[in-house]
Amino acid sequence: MKRIAILGSTGSIGTQALEVIEANPDSFELEVITAHSNADLLIAQALAFKPNAVVIANEDLYDKVRDALQHEDIKVYAGANALNSVVEMGTVDMVLTAMVGYAGLQPTIRAIQAGKEIALANKETLVVAGQLITELAREKGVNIYPVDSEHSAIFQCLAGEFHNPIEKIILTASGGPFRGRSAAELQQVTKAQALKHPNWDMGAKITIDSASLMNKGLEVIEAKWLFGLRNDQIEVVVHPQSIIHSLVQFEDGSIKAQLGLPDMKLPIQYAMGYPNRLKSSFPRFNFLDYPQLTFEQPDLNTFRNLQLAFNAMEQGGNMPCILNAANEVAVSSFLRDEVGFLEMSDIIESCMAKVAYIANPSLEDYVNTDREARLRSTELVKR
Ligand code: NAD
Ligand code: MG
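Not measured: the values here are computed from a predicted model. (Residues numbered from 1 in each chain as written. Chains lettered and ligands numbered in written order. Predicted model: local features only at pLDDT ≥ 70, side-chain atom pairs only at ≥ 80, totals over all residues. Heavy atoms only, no water.)

1. Observations concerning the coordination of the magnesium ion (ligand 2)
Put simply, the test is: Coordination partners: N, O, S within 2.8 Å of the metal, 3.2 Å for Na, K and Ca; water not considered, so apparent gaps in a site are possible. Numbering of helices and strands runs from the N terminus, with a helix taken as a DSSP run of H or I at least four residues long and a strand as a DSSP run of E at least two residues long. Between buried and exposed lies partly exposed: a residue is buried under 20% and exposed over 50% of the maximum accessible area for its type, with that area taken using a 1.4 Å probe on protein chains only.
The protein atoms that coordinate the magnesium ion (ligand 2) are Asp148 (OD), Glu150 (OE) and Glu219 (OE), at distances spanning 2.0 to 2.2 Å. Within one chain, the residues serving as donors to the magnesium ion (ligand 2) are arranged as D-x1-E-x68-E. Here the residue Glu150 occupies a position in helix α7 (residues 149-157), and Glu219 occupies one in helix α11 (residues 214-227), the gap between them amounting to 69 residues. According to the relative accessible area criterion, Glu219 is buried, its value standing at 1%.

Given below as structure tokens:
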């Protein structure tokens, strides 16, 4: 029985993780759930699952959540600091980091320091501070299980291969809703179009990142740290059907792939249930429904965000942290109709040129870099 804390239980990953827990009552027990501001759903989840504790990050909603749960034996906390404390609770075995963005960094660090296993969906944490996080995890003897479907695929391909060096990995990308479009066409695209992903139903931020290919850029950096790879060992191929979730090539030239229908419950369940494969009733893949699996080169000139992410990884230090902060500001500005689709890349590129580079950042450097990069990119949005 694994006792689970879910950071971001009201989101796309969080709600699907709850479905997995509900379907496997003998394997998982829900200890903690947290949300930013969707108090109604958090309350409904608490009443259904009766966790030990809930956190609402937005403190204005504390009274509402506390009042709704006053007759239950459930502790209610509020604020960002409470996220840092609940992950340390003695009754928690594993923390599923399913919150979005840089805000996941601190609670992930605290969970690792407390020796909790991590099921990591919050890729931004590894983009911002991959070296620090993976070193800390090694020092504490904590395993980080990937939830991102591509990284789960690679992790699954590595089962039984841990002593065999990886030659390279190939991350697959769906290409998003704008695959094949020219820069001129991208100038005109709307938020509503960008929010319509062809294969996956996800939160707004990652959906925009998927449309701009920034998501793949973040995943390249995430993979570098998760699997301890050199930059030149990571490739991206566009695979519009999202059936092959990623591949590993070994030193004998053999390639292993993991396949399945696009359904995040599978990687979520694999991460939470590792090393076991729990039975599931998820729809099964049938080759005859997909007679054509196709592959293309990603268009780095049109989808500049992916190139910018490769550049940030190459430069290292705090550059991926700058990239991530500028991207978070650019995406939320795009979602408020303040900037166009292509302007997001302009903002990120200018921000990467403006914020001071630090080759070997400390945690404090990351915090300052994130703040500085947000200020800079907000100025760029307002220009
Ligand atoms: P989402 O927007 O649907 O949900 C985000 C969750 O985080 C919500 O519960 C929200 O309340 C909480 N949250 C947001 N900001 C917060 C803050 N500042 N403090 C505390 N809580 C906060 O997002 P999602 O699509 O579920 O994605 C979550 C993470 O998983 C992201 O890092 C994303 O890149 C990653 N991921 C998602 C998918 C997917 O299919 N949705 C796939 C792979 C990876
Ligand atoms: Mg992914």
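What follows picks up the thread again.
2. Let's talk about the domain arrangement of the protein chain
Which entries qualify depends on this criterion: How far each domain reaches was decided by an automatic or database domain assignment. Every residue pair with non-hydrogen atoms within 4.5 Å of one another is taken to be in contact. Buried area counts how much accessible surface, traced with a 1.4 Å probe, disappears from two parts once they are put together, with both parts' losses summed. We count a salt bridge whenever a side-chain nitrogen from Lys or Arg sits within 4 Å of a carboxyl oxygen from Asp or Glu. Any pair of N or O atoms that falls within 3.5 Å is considered a polar contact. Within protein, one atom must be able to donate a hydrogen and the other to accept it, and sequence-neighbouring residues count only if both atoms are side-chain atoms. Residues are grouped as follows: nonpolar covers Ala, Val, Leu, Ile, Met, Phe, Trp, Tyr, Cys and Pro; charged covers Asp, Glu, Lys and Arg; every other residue, Gly included, is treated as polar.
When cut into domains, the protein chain gives domain 1 (2-146), domain 2 (149-262 + 295-300) and domain 3 (316-383). Placing a centre on the C-alpha atoms of domain 2 and another on those of domain 3 gives a separation of 23 Å. On the domain 3 side, the residues contacting the 18 residues of domain 2 number 13 residues. Each partner contributes to the roughly 1300 Å² buried at the junction of domain 2 and domain 3, and carbon and sulfur atoms together form 79% of this total. Taken as a group, Lys191, Ile208 and Met214 account for 39% of the area that domain 2 buries against domain 3, more than any other trio of residues on that side. Between Asp337 and Lys191 there is a salt bridge; the shortest N-O distance is 3.4 Å. Summed over the shared surface of domain 2 and domain 3, the number is 3 residue pairs in polar contact (both at pLDDT 80 or more). Listed by contribution, the elements that provide at least two residues to the side of domain 2 that touches domain 3 are α8 (183-186), α9 (191-194), α10 (204-212) and α11. Class assignment for the residues of the side of domain 2 that touches domain 3 results in 12 nonpolar, 3 polar and 3 charged.

3. A few points about the pairing of strand β4 (residues 75-78)
Just so we agree on the cut-off: Two strands are counted as paired when DSSP detects at least two bridges linking them. Whether a crossover is right-handed depends on one test, that the path from the first strand over the helix to the second runs clockwise when the strands point away from the viewer.
As defined by bridge partners, strand β3 (residues 53-56) adjoins β4 across 4 bridges and the pair is classed as parallel. For Ala53, the partnering residue across the bridge sits in β4 and is Lys75. Crossover handedness for the path β3 to helix α3 (residues 62-68) to β4: right-handed.

4. Overview of the nonpolar core
Rules: By convention a nonpolar core is built from buried Ala, Val, Leu, Ile, Met, Phe, Trp, Tyr and Cys residues, the set being connected through side-chain atoms within 4.5 Å.
Ranked by internal contacts, the top residues of the largest apolar core, which has 121 residues, are Ile6, Leu323 and Phe341. Per element, the largest residue contribution to this core is 10 residues, and it comes from helix α14 (residues 319-335).

5. Focus: the site of ligand 1
For the record, the criterion: Nearness is defined per residue: one heavy atom within 4 Å of the molecule or strand is enough. Methods summary: accessible areas were calculated by the Shrake-Rupley approach with a probe of 1.4 Å, and residue burial reflects only the protein chains presented.
In the vicinity of ligand 1 lie 23 residues, with Thr10, Ser12, His36, Glu124 and Gly203 positioned nearest. Within the backbone of Ser12, an N or O atom sits 2.9 Å from an oxygen atom of ligand 1. Measuring from an oxygen atom of ligand 1, one finds a backbone N or O atom of Ile13 at 2.9 Å. Coverage of ligand 1 by the protein chains reaches 86% of its 820 Å² of free accessible surface. Looking at which domains feed residues into the shell around ligand 1, each of domain 1 (2-146) and domain 2 (149-262 + 295-300) supplies at least three.

6. Digging into the packing of α11 against helix α13 (residues 304-315)
Keep this limit in mind: Convention adopted: a line fitted to C-alpha atoms gives each axis, helices being fitted over their contacting stretch, and angles between N-to-C directions are expressed from 0 to 180 degrees. Here roughly perpendicular refers to angles of 65 to 115 degrees, roughly parallel to angles under 35, roughly antiparallel to angles over 145, and oblique to all remaining angles. Less than a right angle of anticlockwise turn of the near helix away from the far helix marks a crossing as left-handed, whereas a clockwise turn marks it as right-handed.
Remark: α11 packs on α13, axes separated minimally by 7 Å, with the N-to-C direction vectors making an angle of 25 degrees. Relative to α13, the element α11 lies roughly parallel. As α11 packs across α13, the resulting crossing turns out to be right-handed. Within the contact between the two elements, α11 uses Met214, Lys216, Gly217, Leu218, Val220, Ile221 and Lys224 and α13 uses Asn305, Leu306, Ala309, Phe310 and Met313. Residues belonging to the contact of α11 with α13 are distributed by class as follows: 8 nonpolar, 2 polar and 2 charged.

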